[in-house]
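Examination of the molecular architecture
Here is how the chains run, residue by residue.
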Amino acid sequence: MEVRLEPSWKELLKNEFEKPYFKDLAAFVRQEYQTATVYPPPKFIFHALDSLPVEKVKVIILGQDPYHGAGQAHGLSFSVPEGTALPPSLQNIYKEIEIDLGHPRHVSGNLDRWAKQGVLLLNATLTVRANRAGSHQNKGWETFTDAVIHELANKKDHLVFILWGNYAQKKGAFIDSNKHLVLKAPHPSPFSAHSGFFGSRPFSQTNKYLEEHGLTPINW
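This report concerns the structure included in the present document. None of these values were measured; they are calculated from a predicted model.

Cut-offs applied
Residues numbered from 1 in each chain as written. Predicted model: local features only at pLDDT ≥ 70, side-chain atom pairs only at ≥ 80, totals over all residues. Heavy atoms only, no water. Helix = DSSP H or I, 4+ residues; strand = E, 2+ residues; numbered from the N terminus. Expected span 1.5 Å × (residues − 1). Buried < 20%, exposed > 50% of the residue type's maximum accessible area, 1.4 Å probe, protein only. Arc of directions from axis to C-beta. Contact = heavy atoms within 4.5 Å. Salt bridge = Lys/Arg side-chain N within 4 Å of Asp/Glu carboxyl O. Core = buried A, V, L, I, M, F, W, Y, C linked by side-chain atoms within 4.5 Å. Pairing = 2+ DSSP bridges. Right-handed = clockwise from strand over helix to strand, strands pointing away.

Notes on helix 2 (residues 20-35)
For helix 2, with 16 residues, the first-to-last C-alpha span of 23 Å sits near the 22 Å given by 1.5 Å per residue. Burial in helix 2 covers these residues: Tyr21, Phe22, Leu25, Ala26, Val29 and Glu32. With its buried residues spanning 135° around the axis, helix 2 presents them on a single face. Turned more than 90 degrees from where helix 2 packs its buried face, Pro20, Asp24, Gln34 and Thr35 sit exposed. The inward-facing, buried residues of helix 2 abut strand 1 (38-39), strand 4 (128-129) and helix 6 (141-155).

Pasting the structure below:
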């Protein structure tokens, strides 16, 4: 399968595209888009990777599934397109930015502005059926996104991994915290945000670490 992808990612992940699991995954995803309503739109499946070259990645925020409601998913974890109502988890992320940094809350839920500064907003699963959360789990996407994280963690230094919730923390359990900053907290979902997400201050900690290593902080 020919995968159209930002060149530095295509080079980094070229071995993955030849593996049997990825060929099976590609066939499954192609069939799903032909027979069901699937999000995000096809051009946004790899939007997280296409948004910034490998060499510019400074921060990784791991999500689980794309949003499964109409008009929400556009390939970046926790993000929604311009003009779309803010999902509850993103509302809580913005509340924590206000608590942590004193910034007023954004109206727009489009996090492309973070991606342009070096934040990789990566979901573990890159596609989903409409209104069926988790419907594309265990089809191969998790293996692919594990490879993304492994390659970054092994080949780059001084990255910040932000792992919200048990799922993200298990997925990032192998990351060397002596080489990178690993920030863990409960998920920003309304079900868990008050159990330690609020007050965890990931945004100020990220910027402090980046500055300590000579990198430009993120304008959250």
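Some details on the pattern of salt bridges
Inspection of the entire model under this criterion finds 10 salt bridges. A salt bridge links Lys19 to Glu16; the shortest N-O distance between them is 2.8 Å. Lys19 gets classed as partly exposed once you look at its relative accessible area, which sits at 35%. Judged by its relative accessible area of 10%, Glu16 falls in the buried class. Where Lys208 meets Glu212, a salt bridge forms, and the shortest distance between an N and an O atom there is 2.7 Å. Of this pair, Lys208 and Glu212 both sit in helix 8 (residues 202-212), 4 residues apart, which is roughly one turn of the helix.

What about the nonpolar core?
Among the nonpolar cores identified, the biggest contains 65 residues, and Trp9, Trp114, Leu120 and Phe144 are the most heavily contacted of them. In terms of residue count, helix 6 provides more of this core than any other element does, 6 residues in total.

Looking at the pairing of strand 6 (residues 181-185)
With respect to burial, strand 6 is a largely interior element, 4 of its 5 residues being buried. Where strand 5 (residues 160-164) and strand 6 come together, 5 bridges link them in parallel fashion. What sits directly across from Ile162, in strand 6, is Leu183. The handedness of the strand 5 to strand 6 crossover, carried by helix 7 (residues 165-171), is right-handed.

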